[in-house]
Amino acid sequence: MTERFHTKSPATPAAFKDVRMRGFQDRAEVADVFALLDGRVSRLAEEPVSLHDAAGRVLARDIVADVAVPPYDRAAMDGYALRGDETFGAGPYTPLEFRVVGEAYPGRPFPNCVEPGQAVRIMTGAPLPTGATAVLQAEAAEESGGCLRVSEPAPPGRHIGKRGEDIEPGAVVLRAGRVLRPQDVGVLASLGSNPVPVIRRPRVAILVTGNELLPAGSRPEGYRIVDSNSVMLEALVRRDGGLPETPPIIPDVHEQVRDMLLQADADVVLISGGSSVGQEDHAPRVLAEAGELCVHGVALRPASPTGVGFLRDIPVFLLPGNPVSCLCAYDLFASRAVRIRAGRPVGLPYRTCRRTLARKIASAIGRVDYVRVRINNEQVEPLATSGASLLSSTTRADGFVLAPAESEGYAAGESVDVYLYD
Ligand code: AMP
Ligand code: MG
């Protein structure tokens, strides 16, 4: 870990080491950047949302049931409510007779008590009338002229949904931090929980810099290329539960990059491009002057020219413009911050699978390598094109492997975890 990680006070412009056209002297380790983020990035406050908008949101507090679901004993079948112990001995050749005295529907209960020798026609979901202890299914009886001939016993409790059998009062139904599933909001509705306390969604400003860039949606023209990072980052931010906000492309002019950073009204700021050591790479100095540049240069390939810092406690990420590096730096660092702010788990939000390597992956000690791979015949094949500028390599890949800092990579035949892109 380098000294810079321990610096809590904003780096003064004087302390800022200008690395333009010189290159990085020392690079931070990926694990140290994680530790920095985990220590300094905080979860956002909660806000109430309507049940209708709660699915996919992160629950802010444990939900404890204060009612029973269902709130009353009810019929689980269409049939007849009666006193179950009176049906003992009933059979096809020894039917027992009951008098049908009324009906019970969901929302329209039978108003009286079911007395001995009586039965009430009852529909699924209707409250069980007092006196009745069982529901006999319609098929086990024959009704004519108000008389019910019962040919099968229905012992007490038969075909009854008990009060609280779904949810008991006092039960912890859902835990804080849960990303609400569709069925979860259904359960919350059944409890009468509305609005729902959820974590506020982080607003993420995506500041795209580059004189050569045309806005996404344009056709490439002359020596100008189309910005692909904004739309990719917007989708990644949404995946992580954030709300992306992308102002127009910013030219590589120090004052303009600075003004846009200072104006950004967001919970996380991403700056794409201009993060490295080129003449027009203004973002590191801008952040160091306006706030705090904690990390500049990470032992990670691609995405080594990544910067991480803070502006008034808002995490700011300097993402390399090369689209693969941008994706990699977002996923490893910015995504972590967005997810911490959103109350989501910090781990990479990809499914993983374990497979054997077809060819070796080389990596230097101390450096993490983000290696795009394909899975062929159950074997993991590193893609030959490893250029940081070739975004289509990530489209051809099935996922990526992270070669850890502690090792020199993986040998052919070793088992590795693949993070699957889909
Ligand atoms: P930079 O990080 O600004 O030095 O850019 C590195 C490379 O990525 C250059 O070839 C840029 O043209 C390219 N690049 C920068 N920003 C973007 C972007 N938003 N979309 C696509 N390519 C970009
Ligand atoms: Mg640039």
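Predicted model only: the values in this text are computed from it and were never measured. (Residues numbered from 1 in each chain as written. Chains lettered and ligands numbered in written order. Predicted model: local features only at pLDDT ≥ 70, side-chain atom pairs only at ≥ 80, totals over all residues. Heavy atoms only, no water.)

## Examining the pairing of strand β28 (residues 415-420)
Only one face of β28 is covered, namely the face carrying Val416, Val418 and Leu420; the face carrying Ser415, Asp417 and Tyr419 is uncovered. Here strand β22 (residues 352-357) runs beside β28; their pairing, made up of 5 bridges, is antiparallel. Within β28, the residue paired with Arg355 across the bridge is Val416. (Buried < 20%, exposed > 50% of the residue type's maximum accessible area, 1.4 Å probe, protein only. Helix = DSSP H or I, 4+ residues; strand = E, 2+ residues; numbered from the N terminus. Pairing = 2+ DSSP bridges.)

## Digging into the nonpolar core
In this structure, Leu270, Leu300, Phe317, Tyr330 and Phe333 are the most contacted members of the largest nonpolar core, which totals 45 residues. For this core, the element with the most residues is helix α6 (residues 323-342), which contributes 11 residues. One finds Val257, Ile271, Val286 and Leu293 within the second-largest nonpolar core, a separate group that totals 19 residues. (Core = buried A, V, L, I, M, F, W, Y, C linked by side-chain atoms within 4.5 Å.)

## Some remarks on the site of ligand 1
Looking at ligand 1, there are 16 residues lining it, with Glu212, Asp227, Ser228, Gly274 and Gly321 nearest. In this structure, Asn322 approaches ligand 1 through a main-chain N or O atom, which is 3.2 Å from an oxygen atom. Contact with the protein chains removes 76% of the 480 Å² of surface that ligand 1 exposes when unbound. Here the shell around ligand 1 is built from residues that sort into 6 nonpolar, 7 polar and 3 charged. (Near = heavy atom within 4 Å. Polar contact = N/O pair within 3.5 Å; in protein donor to acceptor, adjacent residues only side chain to side chain. Areas by Shrake-Rupley, 256 points an atom, 1.4 Å probe, with all protein chains shown as cover. Nonpolar A, V, L, I, M, F, W, Y, C, P; charged D, E, K, R; others polar.)

## Observations regarding the sheet that holds strand β4 (residues 79-82)
Whenever strands of a sheet pair, they do so through backbone hydrogen bonds, lying parallel or antiparallel. Taken together, the 6 strands give an open sheet; going across it, the order is β7-β4-β6-β5-β9-β8, and neighbouring strands pair in mixed fashion. Two strands lie at the open edges of the sheet, namely β7 (134-137) and β8 (141-144), each paired on one side alone. The average undirected angle you get between the axes of adjacent strands in this sheet is 35°. Pairing of β4 with strand β6 (residues 118-122), which is carried by 4 bridges, proceeds in the antiparallel orientation. Bridging across to β6, Ala81 finds its partner in Val120. (Axes fitted to C-alpha atoms, helices over the stretch in contact; angles between N-to-C directions.)

## A closer look at the pattern of salt bridges
Evaluation of the coordinates by the stated rule reveals 24 salt bridges. In this structure, the salt-bridge partner of Glu103 is Arg121, at a minimum N-O distance of 2.5 Å. One end of the pair, Glu103, is in strand β5 (residues 96-104); the other, Arg121, is in strand β6, with 18 residues separating them in the sequence. Relative accessible area serves as the criterion here: at 33%, Glu103 is assigned to the partly exposed category. As a salt-bridge pair, Asp240 and Arg339 come within 3.5 Å of each other at their nearest N and O atoms. Of this pair, Asp240 sits in the loop between α3 (229-239) and β16 (243-245) while Arg339 sits in helix α6, placing them 99 residues apart in sequence. As far as the burial class goes, Asp240 and Arg339 line up, both buried. The network of salt bridges with shared partners includes Arg200, Arg203, Asp265 and Asp267. (Salt bridge = Lys/Arg side-chain N within 4 Å of Asp/Glu carboxyl O.)

## A word on unusual backbone geometry
Of note, the amide linkage connecting Asn194 to Pro195 takes the cis form, showing an omega dihedral of -5°. Along the polypeptide, Pro195 turns up in the loop between α2 (182-191) and β12 (196-199). Here the residue pair Arg301 and Pro302 is connected by a cis peptide bond, since its omega of -5° sits within 30 degrees of zero. Secondary-structure assignment places Pro302 in the loop between β19 (300-301) and β20 (307-311). If you check the backbone angles, Asp313 has positive phi at about 70° while not being a glycine.

## Topic: the environment of Ile199
Of note, Ile199 is situated in strand β12. Distance from Ile199 to Ser393, taken between C-alpha atoms, is 35 Å for residues 194 residues apart in sequence. For Ile199, the contacting residues outside a window of four places in its chain are Arg43, Leu44, Ala45, Glu46, Arg57, Val58, Leu59, Ala60, Arg341, Ala342 and Gly343. (Contact = heavy atoms within 4.5 Å.)

## Quick look at helix α4 (residues 254-263)
Because each turn of an α-helix spans 3.6 residues, side chains separated by three or four positions in sequence point in the same direction. Among the residues making up α4, those that are buried are His254, Val257 and Leu261. Buried residues in α4, looked at end-on, bunch into an arc of 75°, giving them a common side. In this structure, the buried side of α4 is in contact with β13 (203-208), β17 (268-272), α5 (283-290), β20 and β21 (314-319). (Arc of directions from axis to C-beta.)

## What to know about the sheet that holds β20
Spatially, 6 strands are ordered β16-β13-β17-β21-β20-β18 in an open sheet, and the strand pairing comes out mixed. Edge strands, defined here as strands with exactly one partner in the open sheet, are β16 and β18 (292-296). Between one strand axis and the next, the sheet turns by 20° as a mean value, whatever way the strands run. In the sheet, β13 pairs with β16 via 3 bridges, with the strands oriented parallel. Across the sheet, residue Arg203 finds its bridge partner in β16, namely Leu243. Sitting on the sheet, α3 touches β13, β16, β17 and β21, and the angle it makes with β13 is about 165°.

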